[in-house]
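Structural features, examined
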Amino acid sequence: MTVLDGIIAGVREDLAAREAITPLSALEARVAEVPPARDPMPAFRAPGLSVIAEVKRASPSKGHLGDIPDPAALATAYTAGGADAISVLTEQRRFNGSLDDLDAVRAAVETPLLRKDFIVTPYQLWEARAHGADLALLIVAGLDQATLASLHALALELGLTALVEVHEAEEVRRALDVGATLIGVNNRNLKTLEVDPDTFAALAADIPDDVVKVAESGLRGPDDAARHAAEGADVVLVGEALVIGGDPAAGVAAMRAAGTTR
């Protein structure tokens, strides 16, 4: 079993527990009452480098990163620094996240929010929208093609922007086949947790110019942001460096500035 397989197995167990408490019909009713999803794509397509800043307490590769007692305060700092979107980890076992974090951040900021989780069923997309998410992550490596296509279609139906994550050339093809317009290239192989910073450049050439490209994982600071911008990234997704950096607003601003000359 790969690391990704193990994570998804835990996600399915936790999902079953939530479904037993909150039926899909309750989520559907809640979605009918929430405001329309915010569209991050105009900002992502604008000149310069956009930043998706992440509320991230822990990871399977690094363990504990930070306590983040007030995710709303962190999100507010990210927004002050110019983040174009905020990613909120909601996976419990490996990332110490929760839907409560998503609720807290949604109440604090108007910035588009990404529900960062291992989404494998339609229920999770309804959850994302019900809790105020504007984007949802779909990881190609964790989904067969039929499921990827159906989840991508449902995300669009719900008004969510799908960030479709890839790690190798075949996954890029699969993402394009379902009509992805926002593709994240993860420098981290989720099956092994190894990071190769050359992954983004290797795959960006296979992604059409009209598709927004996001560089994910392994970004330690402005130099890495500038590098990926020069390689064609429209957006960088950064968690660890901002959480542990001491000044999240300044960290976001520095990464945005690093990509302005691309």
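Residues numbered from 1 in each chain as written. Predicted model: local features only at pLDDT ≥ 70, side-chain atom pairs only at ≥ 80, totals over all residues. Heavy atoms only, no water.

**Points about the sheet that holds strand β5 (residues 113-116)**
- If you trace the eight strands once around the closed barrel, you get β1-β4-β5-β6-β7-β8-β9-β10, paired in parallel fashion. Mean inter-strand twist for the sheet, computed between neighbouring axes without regard to direction, equals 25°.
- Where strand β8 (residues 182-186) lies against strand β9 (residues 212-216), five bridges are found, and the strand directions are parallel. Within β9, the position partnered with L182 by the bridge is V212.
- The strands touched by helix α4 (residues 71-81) within the sheet are β1 (50-55) and β4 (85-89), with β1 carrying the most contacts at an inclination of about 170°.
- Where helix α12 (residues 248-258) meets the sheet, it contacts β1 and β10 (235-238), and its direction lies at approximately 155° from that of β1. (Pairing = 2+ DSSP bridges. Helix = DSSP H or I, 4+ residues; strand = E, 2+ residues; numbered from the N terminus. Axes fitted to C-alpha atoms, helices over the stretch in contact; angles between N-to-C directions. Contact = heavy atoms within 4.5 Å.)

**Observations concerning the UniProt feature "domain: Indole-3-glycerol phosphate synthase" (unreviewed entry) in the protein**
- In this structure's numbering, the residues bearing the UniProt feature "domain: Indole-3-glycerol phosphate synthase" (unreviewed entry) are residues 4-250.
- Structurally, residues 4-250 comprises 43% helix and 18% strand, and the distance from its first C-alpha atom to its last is 33 Å. (UniProt positions renumbered as here; feature names shortened; annotations may be inferred.)

**Here's the deal with the pairing of β1**
- The buried fraction of β1 is high, at six of six residues.
- Neither face of β1 is left uncovered, since the one carrying S50, I52 and E54 and the one carrying V51, A53 and V55 both have all their residues buried.
- With four bridges connecting them, β1 and β10 associate as parallel partners. Across the sheet, V51 pairs through a bridge with V236, a residue of β10.
- In this structure, β1 lies alongside β4, joined through four bridges in parallel fashion. By the bridge assignment for β4, I52 is matched with A85. (Buried < 20%, exposed > 50% of the residue type's maximum accessible area, 1.4 Å probe, protein only.)

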